[in-house]
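# Chains, contacts and geometry: an overview
Now for the letters of each chain:
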Amino acid sequence: MSLALCGCADLKSIRDFSDISSESAIYTAFAGDYVKSLERQKGYQSCAEEKEKLDKIIERRKAQLSGLLAIHKEVSDYMSALGQLASDEIISYDKSLDEMHKKMEKIKDENGKPIFEKKDMDAFGALSKLLAKAATDAYRQNKLKEIIGLANNDFQELITALKKCVEGGYIESLKNEEEAVKKYYGKILKTAENNPPQDAAIELLRDRFVEKKDAVDAKINAAESYVKILDKIGKGHQLLYDDRNDISSRLLLSNIKGYSKDISNLYKSVKEIRKEDIR
Amino acid sequence: MKLTEEEARQLAKSFRDFSVSLGDFRFGNWADLSEKERKTIEGMEWKLLNYSSDFTTKTVGLILDDAEGSLKSLQQAAGKAKKAIANIKTVKNIIIISTSIMELGVAVASKDPKVVASAVRNVVKTVNEARKK
């Protein structure tokens, strides 16, 4: 009731969306592994000339790392700033005003009588909090609307760039790594099969091959989930942009809440998959 | 003519597909190929796979080049958001300082020197804390 009277908006859903987006955007494990994937591929090859060529490509990937990390960081920073702006803590004066009012209640005149009656202080306290919050809340909502409006095109471009880097760069690199694993172990297994008896050795080799292949597959799955995360972040921000003139509407906040939940679940699964990598 | 990012990505995939097909042929016809033939084909497979990696790396380079402009613009937007947050914090500090001054006014009305002294100390402390933020 009091929030409605002063026009204050409960933007917790936007805060939560911004926070989870910021946290997942700064997940840069894939950027580092984009370089390492090629280093692992080099390990499966024997031709010195080809290894030298790969070294040059690896150097180019290392040089790309700063650009990749810069995009991750900027998306994360921007979402973090939006989250702070949407946070009720920033416009909450409750703690500091409560302390002041308590002190003022204790102040007595020369006859030892409190200068203010408690009921007056209570009313004054409640009103001052509402007025303080309302003043900055209107400013906050206008700023959110302005900044989201300003940033949306570039934000979408960067999210698309990150998605393309993961799909067209990292996942493609992992698929090449998978093929390198198949060629390397495939040759050893074929050679062993054609030079019996080596059943035990073949069995061990096969297990090792499956282990390596599964590790790459797990990374591909994690990367595909991360692309979904980026997609949700982009769509969530688009939603904020489309409805920025009514940023505190119940429908918008409810929809944004849905995106936060999806991102959070996907991000948990990404971190779980990566934890079980076999190296 | 400069390669587009989509073209580079397609080339990366095509080279990998060629490498995979050659590998399938080598393993599928292992016994029928001489060791020399297998070695030659294997060499070609790795070369093609490495061309694929080269084009994948080019793809990422092209994406990053295209993204540079948007990166700078988003930095500006984030800067605006941070400035707005700073402004709100400044207003918050002003309100906190104002209420501590109000406390001082009330303390003076009480005419109790101890109360006044305490209120003055509080104003000074509040202003110093606000300046640190």
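Just above, that's the structure.
Let us now look at the overall build of chain B. A tally of helices and strands in chain B yields three helices and zero strands. Along the longest, intermediate and shortest principal axes, the C-alpha atoms of chain B span 110 × 35 × 15 Å. A buried classification covers 42% of the 133 residues belonging to chain B. Counted over contacts in chain B with a minimum sequence separation of 6, partners at least 24 positions apart contribute 56%. Working note: accessible area of chain B is about 7500 Å², and carbon and sulfur atoms make up 59% of it. Charge centroids of chain B, computed over 23 positive and 17 negative side chains, lie 19 Å from each other.

As a further point, take the pattern of salt bridges. On inspection of all chains with the given rule, the structure shows 34 salt bridges over all chains. Between A:Arg40 and A:Glu177 there is a salt bridge; the shortest N-O distance is 2.7 Å. With A:Arg40 in helix H3 (residues 29–43) and A:Glu177 in helix H6 (residues 118–193), this pair connects stretches of sequence that are 137 residues apart. By the burial criterion, A:Arg40 is buried, and A:Glu177 matches it. Of the charged contacts, one joins A:Asp217 and A:Lys213 as a salt bridge, the two residues approaching to 3.1 Å between their closest N and O atoms. Highlighted residues: A:Asp217 and A:Lys213, both in helix H7 (residues 199–242), separated by four residues, approximately one helical turn. Judged by relative accessible area, A:Asp217 falls into the partly exposed class, the value being 25%. The exposure class assigned to A:Lys213 is partly exposed, which follows from its relative accessible area of 25%. One connected set of salt bridges, linked through shared partners, spans A:Glu179, A:Lys182, A:Lys183, A:Lys187, B:Arg26, B:Glu42 and B:Glu45.

All names here are of chain A. At a minimum axis distance of 11 Å, the contact between helix H2 (residues 12–25) and H7 shows a crossing angle of 145 degrees. For the pair H2 and H7, the crossing hand works out as left-handed. Facing Ile-14, Phe-17, Ser-21, Ser-24 and Ala-25 of H2, the residues of H7 in contact are Tyr-226, Ile-229, Lys-232, Ile-233, Gly-236, His-237 and Leu-240. When the residues that make up the contact of H2 with H7 are grouped by side-chain class, the tally is seven nonpolar, four polar and one charged.

With that settled, the discussion passes to helix H1 (residues 5–28) of chain B. With 24 residues, H1(B) extends 34 Å between its outermost C-alpha atoms, agreeing within 8% with the 34 Å of an ideal straight helix rising 1.5 Å per residue. Among the residues of H1(B), B:Glu5, B:Ala8, B:Ala12, B:Phe15, B:Arg16, B:Ser19, B:Gly23, B:Arg26 and B:Phe27 are the ones counted as buried.

Contacts between chain A and chain B engage 74 residues on the former and 58 residues on the latter. Run the count over chain A and chain B and you get seven salt bridges. The interface formed by chain A and chain B holds 19 residue pairs in polar contact (both at pLDDT 80 or more) in total. Mapped by element, the contributors of at least two residues to the side of chain A that touches chain B are H3, helix H4 (48–86), helix H5 (94–106) and H6 of chain A. The element contributing the most residues to the side of chain A that touches chain B is H6(A), with 33 residues. The residue inventory of the side of chain A that touches chain B, partitioned by class, reads 33 nonpolar, 15 polar and 26 charged.

Residue and element names in this part refer to chain A. With respect to the element layout, Ile-58 can be found in helix H4. Spatially, the C-alpha atom of Ile-58 lies 6.6 Å from that of Leu-38, the residues being 20 residues apart in sequence. Residues within four places of Ile-58 in sequence aside, it is in contact with Val-35, Leu-38, Glu-39 and Lys-42.

Time to look at the packing of H4(A) against helix H2 (residues 35–110) of chain B. It is at 7 Å that the axes of H4(A) and H2(B) come closest, and there the two elements cross at 20 degrees. Comparing their axes, H2(B) and H4(A) come out roughly parallel. Relative to H2(B), the crossing made by H4(A) is left-handed.

Overall, the coordinates contain 13 aromatic pairs over all chains when judged by the stated rule. Arranged with centres 6.0 Å apart and planes meeting at 45 degrees, the rings of A:Tyr27 and A:Tyr226 form a pair that is tilted. Of this pair, A:Tyr27 sits in the loop between H2 and H3 while A:Tyr226 sits in helix H7; the two residues are 199 residues apart in sequence, bridging distant segments of the chain. Accessibility classification places A:Tyr27 together with A:Tyr226 in one group, the buried group. On the numbers, 5.0 Å between centres and 90 degrees between planes, the contact of A:Tyr184 with A:Tyr185 is edge-to-face. In this structure an aromatic cluster arises from ring pairing among A:Tyr27, A:Phe30, A:Tyr170, A:Tyr226 and A:Tyr267. When the ring centre of B:Phe27 is taken as origin, the NZ or CZ atom of B:Arg26, which lies over that ring, is 4.6 Å away. Between B:Arg38 and the ring centre of B:Trp30, over which it is positioned, the NZ or CZ distance is 4.4 Å.

So, on to the nonpolar core. Membership of the largest hydrophobic core comes to 69 residues, with the highest contact counts inside it found for A:Phe30, A:Ile71, A:Val75, A:Tyr78, A:Leu85, A:Phe155 and A:Ile229. Looking at this core, the elements that each hand over two or more residues are H2, H3, H4, H6, H7 and helix H8 (250–275) of chain A together with H2 of chain B. Ranked by the residues each element gives to this core, the list is headed by H6(A), at 14 residues. Setting aside residues no more than four positions away along its own chain, A:Ile71 makes contact with A:Leu158, A:Ala161, A:Leu162, B:Leu64, B:Ala67 and B:Leu71.

Calculation rules
- Residues numbered from 1 in each chain as written.
- Chains lettered and ligands numbered in written order.
- Predicted model: local features only at pLDDT ≥ 70, side-chain atom pairs only at ≥ 80, totals over all residues.
- Heavy atoms only, no water.
- Helix = DSSP H or I, 4+ residues; strand = E, 2+ residues; numbered from the N terminus.
- Buried < 20%, exposed > 50% of the residue type's maximum accessible area, 1.4 Å probe, protein only.
- Contact = heavy atoms within 4.5 Å.
- Areas by Shrake-Rupley, 256 points an atom, 1.4 Å probe, with all protein chains shown as cover.
- Lys, Arg positive; Asp, Glu negative; His and termini not counted.
- Charge placed at Lys NZ, Arg CZ, Asp CG, Glu CD.
- Salt bridge = Lys/Arg side-chain N within 4 Å of Asp/Glu carboxyl O.
- Axes fitted to C-alpha atoms, helices over the stretch in contact; angles between N-to-C directions.
- Left-handed = near helix turned anticlockwise from the far one by under 90°.
- Nonpolar A, V, L, I, M, F, W, Y, C, P; charged D, E, K, R; others polar.
- Expected span 1.5 Å × (residues − 1).
- Polar contact = N/O pair within 3.5 Å; in protein donor to acceptor, adjacent residues only side chain to side chain.
- Parallel < 35°, antiparallel > 145°, perpendicular 65-115°, else oblique.
- Phe/Tyr/Trp six-rings, centres within 6.5 Å; stacked < 30°, edge-to-face > 60°.
- Lys NZ or Arg CZ within 6 Å of the ring centre and 35° of its normal.
- Core = buried A, V, L, I, M, F, W, Y, C linked by side-chain atoms within 4.5 Å.

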